[in-house]
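Chains, contacts and geometry: an overview
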Amino acid sequence: MSKEHTPNNPFYTGISMPDRYFCDREMETKDIISKLNNGNNIVIKAPRRVGKSSLIMHVFQQKEVKDAYNTLYVDIYGTKNMDDLVKEFMNAFLEAGFARSERGRKQVERLFQRLYLQANLSAGGELSAFRLGLSPSNGVNFTLSEMFKFLEKTKKPNLVVFDEFQKVKEYPEDITAELRSYIQRMTNTRFIFSGSSRHMLNHMFEHPKEPFYRSASSMNLDIISEESYTSFAKRLFQQYRKDISDEAIAMAYALFSGRTYDIQEVMKEVFQQLASGKTAGIDDVKDAVKRLMAMWDNDFRERMDRIEKIKNRNMLYAIALEGIATSVTSTSFIRKYKMDNASSIQNAIAYLSDENINAIEKIGKASYQLQNRLFELWIANGFRCLDQKFSTARDRFEKERQMLSQQPVFKFTD
Ligand SMILES: Nc1ncnc2c1ncn2[C@@H]1O[C@H](COP(=O)(O)OP(=O)(O)O)[C@@H](O)[C@H]1O
Ligand SMILES: [Mg+2]
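Throughout what follows, the structure given in this document is the object of discussion. (Residues numbered from 1 in each chain as written. Chains lettered and ligands numbered in written order. Predicted model: local features only at pLDDT ≥ 70, side-chain atom pairs only at ≥ 80, totals over all residues. Heavy atoms only, no water.)

Some details on the packing of helix H11 (residues 246-255) against helix H19 (residues 386-405)
As a packed pair, H11 and H19 sit with axes 8 Å apart at the nearest point and diverge in direction by 70 degrees. In terms of axis orientation, H11 runs roughly perpendicular to H19. Both H11 and H19 take part in a crossing whose hand is left-handed. For the pair H11 and H19, the contacting residues are Ala-250, Met-251, Tyr-253, Ala-254 and Leu-255 in the first and Lys-389, Phe-390, Ala-393, Arg-394 and Phe-397 in the second. Class assignment of the residues belonging to the contact of H11 with H19 gives a composition of 8 nonpolar, no polar and 2 charged. (Axes fitted to C-alpha atoms, helices over the stretch in contact; angles between N-to-C directions. Helix = DSSP H or I, 4+ residues; strand = E, 2+ residues; numbered from the N terminus. Parallel < 35°, antiparallel > 145°, perpendicular 65-115°, else oblique. Left-handed = near helix turned anticlockwise from the far one by under 90°. Contact = heavy atoms within 4.5 Å. Nonpolar A, V, L, I, M, F, W, Y, C, P; charged D, E, K, R; others polar.)

What follows is the structure, encoded as C-alpha cells:
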C-alpha cells in the first residue's frame, strides 16, 4: 500500500476527505451509483449538516464514478438569480478535472472565450485561476444553452450536481421550466439535485404541475447510525494510540442529534486535546463543547444583537431553553415565559423562522427548535442551564426522532 499523508487530526470538517476518514454511507453510495448507472437522475434530501455534500463528493471519488463520468459540482447555495447560477456552473467547469484535460480544455476555452466576448470581458490570464463573482449582476447575459451544448459533446458521460437546488425557486425569474427542458434533452448527462429544504424539493419534484415532476428518483438521507459512527470514531482514535469511551461518543451523538457536522467538530476538538495513550470520556466531550461555544461566542453575540425586539429575543431564549418547544401558543407556555399573548408569539415565530434570521425550524405541530444546536447550548449556558442540556440530551434526541418520524407523508391534493 502506498504511504499516504497522515493528517495530524483524522476528523475532517471540510466537505471533502479521503475515503479512509469518511464514515460509512456504504449503502447510500452503492445506491446512488447504481441509480446513476441505470440512467436515473437523483434528488437527495436531508436537513443541513447531515452530510449530503460530503456524500456527493465521496461518490465522485469512487473509482466506478471517477473512471466513467466527468464530474461537475455546482453549489448554488449563495446564488440569487439566473446569472449567478450560470456563473457557478462555469466556475464548476473551471474547477473540474476533465475540463483541464487536453481535449476538454480546448473546448472549455472556446466556450469561455465566446462567453467572455459576449460579456465584453477579456478572458486574460490563467483560465483556471479565474473565478466569476456573484451578484450584484454585472449585466452579463450568459446562456445556459451554451453550457449544456458543451456537455452534450463530451467524450465521457457527465455527472452534474446542483447542490442546494431549492434555491432556484427563490430567484426573481422562473427558470425551472427552461432548466428542465435542457436537462431532459441531455443524452449523456446524469444529474443529482440535492437540498436541505425538503418541503421545497418535494414541491418541485412531486407536484404534477411542476416542470421537474418525477424527473428524478428520490432519496431521503438519514443521519449516520450511532453504531456506525461509534466504531468509526473509535477506530480513528485508536490509529493514533488514543481511545474514546462509548459513552463519550454517545453523549456527542445525542447532544447534536446525530448531525455529522457537529459531531465531527466535537470529535476533532476532543482528539486534539487528548494526550497520546489516554482515553477520552464524557467530561472531555463536555469540555470540547464548551471550547467550541467559546470559539463561536462573537458570532452568536452578533446573531443576538441582530434581533432587536425584546419579544423576539425572549421567544428565542424560550425555545432554546425548552430544546423542543411544543404547544408554543398554549397558556402554560405563555405564562412560563412571561410572553404577552398567542399572537405576539406567532409574530416572533414568523420573525425567527424568516430566512434572514433563520434561527428556528418547525418540527411538528406548534413545535419548534433552534436550527443550530451549538447556538442553543450557548444560550442555555448563558442561563446557567448547560448541565441540564447535557443530562437531558438523550431524551431530547429520542423525542426529536419520534416527532420527525411523525411528520405527515407528503401529498398534494389539488
Ligand atoms: N460520512 C461522513 N464522514 C465524516 N464526516 C462527514 C461525513 N458526512 C459529513 N461529514 C462532515 O460533516 C460536515 C457537514 O456535511 P455536509 O456534507 O456539508 O452536510 P450537508 O451538505 O448535508 O449540509 C462535512 O463538512 C464533513 O466534515
Ligand atoms: Mg451541503
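Read on for the rest.
Here's the deal with the site of ligand 1
In the vicinity of ligand 1 there are 21 residues, among which Cys-23, Arg-49, Lys-52, Ser-53 and Ser-54 approach most closely. Separating a nitrogen atom of ligand 1 from a side-chain N or O atom of Gln-264 is a distance of 3.5 Å. Elements represented by at least two residues in the shell around ligand 1 include exactly helix H2 (52-61) and helix H12 (260-273). Tallied by class, the residues present in the shell around ligand 1 amount to 10 nonpolar, 7 polar and 4 charged. If you count residues domain by domain, the shell around ligand 1 takes at least three from each of domain 1 (25-220) and domain 2 (226-295). (Near = heavy atom within 4 Å. Polar contact = N/O pair within 3.5 Å; in protein donor to acceptor, adjacent residues only side chain to side chain. Domains from an automatic or database assignment.)

Focus on the pattern of salt bridges
Under the criterion given, the structure shown has 20 salt bridges. Across the pair Arg-303 and Asp-299 runs a salt bridge, and its minimum N-O distance is 3.1 Å. Taken together, the positions of Arg-303 and Asp-299, both in helix H14 (residues 297-306) and 4 residues apart, correspond to about one turn of that helix. Judged by its relative accessible area of 26%, Arg-303 is partly exposed. Relative accessible area serves as the criterion here: at 31%, Asp-299 is assigned to the partly exposed category. Among the salt bridges present, the one from Glu-376 reaches Arg-373, with a minimum N-O distance of 3.7 Å. Of this pair, Glu-376 and Arg-373 both sit in helix H18 (residues 373-382), 3 residues apart, which is roughly one turn of the helix. For the pair Glu-376 and Arg-373, one class covers both residues: buried. Residues joined by salt bridges that share partners form a network here, namely Arg-259, Glu-361, Arg-373, Glu-376, Lys-389, Arg-396 and Glu-400. (Salt bridge = Lys/Arg side-chain N within 4 Å of Asp/Glu carboxyl O. Buried < 20%, exposed > 50% of the residue type's maximum accessible area, 1.4 Å probe, protein only.)

A look at the packing of H11 against H12
Their axes nearest at 9 Å, the elements H11 and H12 cross at an angle of 140 degrees. As for how H11 packs across H12, the hand of that crossing is right-handed. Mapping the contact onto sequence places Ile-249, Ala-252 and Tyr-253 in H11 and Ile-263, Val-266 and Met-267 in H12. A breakdown of the residues in the contact of H11 with H12 according to their chemical character gives 6 nonpolar, no polar and no charged.

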